[in-house]
Amino acid sequence: MDALTPFYEVNEALVAMGAEKLNLCMQCGMCAGSCPWRIVNGPFNIRRLIRSAQLGVEGGYESDDVLYGCTTCNKCVLKCPRGVTIIDVVRAIRAMIAETGAIPGVLKTAIGSVHSNGNPWSEPRDKRMAWAEGIDVPKFDESKEYLLFVCCTSCYDKRSQKIAKAMVSILKKLGISFGVIGEEESCCCESIRKIGDEELFANTATKNIELFKQNGVKKVITTSPHCYYTFKNEYPELGAEFEPIHYTQLLAELLDSGELKISKPISKKITYHDPCYLGRHSEVYEEPRKLLSALSDGNLVEMERIKQDSLCCGGGGGRVWMETKPEYRFSDVRILEACDTGAQILATACPYCITMLEDSRKTKNKEDVIEVKDISELVDEAI
């Protein structure tokens, strides 16, 4: 084995770029042992990546399968006994690579689309409200209590548009004061930051913050946990003052207050997949379950891996745009786990999870066995 020469200047640069706790790592391996890549025996090893970063040597960052393997699911962070903010380390390494222009081509396309169109799906900005064709969606003004911020995925992806439509239907049925801004909105850029483009994240987030301020936005309902996470935890650093809430939190509150009433219970067995950014990142575990239990008359069954131990769908950290070999797809494993419960519906609350799980439902030939539904779709059916 060839000897390696450490380059500690790289270590120092990574620390300066946000990997502040990089050198706390003592290589215990708890991160690698808890990573979902171990379940599929894949090529990504977070422990090795961190050690390469500490030493500033090759062997970690150059391969797309390695550097961009991390889905930022947060499981390793919760397991780390030293409190290393591992996702910050991954983000800093990716940011360093981004400065050299060595981002994978498919991710460059997503970044370029945000630059030019305000969304990562290579769709025109003037089509951002295409999902609302044929339905009456209120325009936001200062008289409205909530801005409904629809994730880019739910604006442009045909399957995911059902989430946006369901949310509008629910809010109107419940008499909630809300509206949308529309074409002027841009991507929240949570995943863009995780890819490594810090400048694009900051610039786009600042534009959204200014847009919200100009329109008098005080409260924001998000359809995506990724939007919710970045609005709550990252936008305030750039001057945001609005209050974000994920729709499951709002609907659970309305269920508790009696304003949301289930009139048409769904008579099918349901199991729930915790999205990483709603669960491990934001600790929203009970609200989705409360809604699902209520709308199914308590017919909610759990998979073996739930809550903090939930299995990632594989779509975070930019991987929703990347191709994953069939044998390494976490969502394939998750579909089979859901089917093992005997559930007829696999529910979740994230557009990325819907995309990944729907794909796996098809590739694993489970289309006649189980449905994949967003909680918003189920609530809309049940009220």
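Note that this is a predicted model, so its numbers are computed, not measured. (Residues numbered from 1 in each chain as written. Predicted model: local features only at pLDDT ≥ 70, side-chain atom pairs only at ≥ 80, totals over all residues. Heavy atoms only, no water.)

Trainee: Tell me about the sheet that holds strand S5 (residues 270-272), residues and numbers included.
Mentor: Taken in spatial order, the four strands make up an open sheet running S6-S5-S7-S8, and their pairing is parallel. Two strands lie at the open edges of the sheet, namely strand S6 (300-301) and strand S8 (371-374), each paired on one side alone. Relative to S8, strand S7 (residues 345-348) is paired through four bridges, and the arrangement is parallel. In the strand pairing of S8, Thr348 is matched with Asp374. Those strands touched by helix H14 (residues 286-295) are S5, S6 and S7, and its axis lies near 180 degrees from that of S5. (Pairing = 2+ DSSP bridges. Helix = DSSP H or I, 4+ residues; strand = E, 2+ residues; numbered from the N terminus. Contact = heavy atoms within 4.5 Å. Axes fitted to C-alpha atoms, helices over the stretch in contact; angles between N-to-C directions.)

Trainee: Could you give an account of the packing of aromatic side chains, naming the residues involved and the relevant values?
Mentor: Taken as a whole, this structure holds 14 aromatic pairs when the rule is applied. Ring centres 4.8 Å apart and planes at 70 degrees place the aromatic pair Phe231 and Tyr235 in the edge-to-face group. A residue is classified by how much of its surface remains accessible, and Phe231, at 1% relative accessible area, is buried. A relative accessible area of 0% places Tyr235 in the buried class. Ring centres of Trp321 and Tyr352 lie 6.2 Å apart, and the angle between their planes is 75 degrees; on these two criteria the pair is classed as edge-to-face. With Trp321 in the loop between S6 and helix H15 (330-340) and Tyr352 in helix H16 (residues 351-363), the pair connects residues that are 31 residues apart, well separated along the chain. In this structure Trp321 comes out as buried when scored by relative accessible area, which is 12%. Given the relative accessible area of 7%, Tyr352 is considered buried. Clustering of aromatic rings is evident, with ring pairs tying together Phe149, Phe201, Phe212, Phe231, Tyr235 and Phe242. (Phe/Tyr/Trp six-rings, centres within 6.5 Å; stacked < 30°, edge-to-face > 60°. Buried < 20%, exposed > 50% of the residue type's maximum accessible area, 1.4 Å probe, protein only.)

Trainee: Tell me about unusual backbone geometry, and please be specific about residues and values.
Mentor: Excluding glycine, most residues fall at negative phi; most peptide bonds, likewise, are trans. One non-glycine residue, Thr72, adopts positive backbone phi at about 55 degrees. Thr72 gets classed as buried once you look at its relative accessible area, which sits at 2%. In the Ramachandran plot, Asp297 falls in the positive-phi region, its phi being about 55 degrees despite a non-glycine side chain. Following the sequence through the fold, Asp297 ends up in the loop between H14 and S6. Taking the relative accessible area as the measure of exposure, Asp297 reaches 63% and is therefore exposed.

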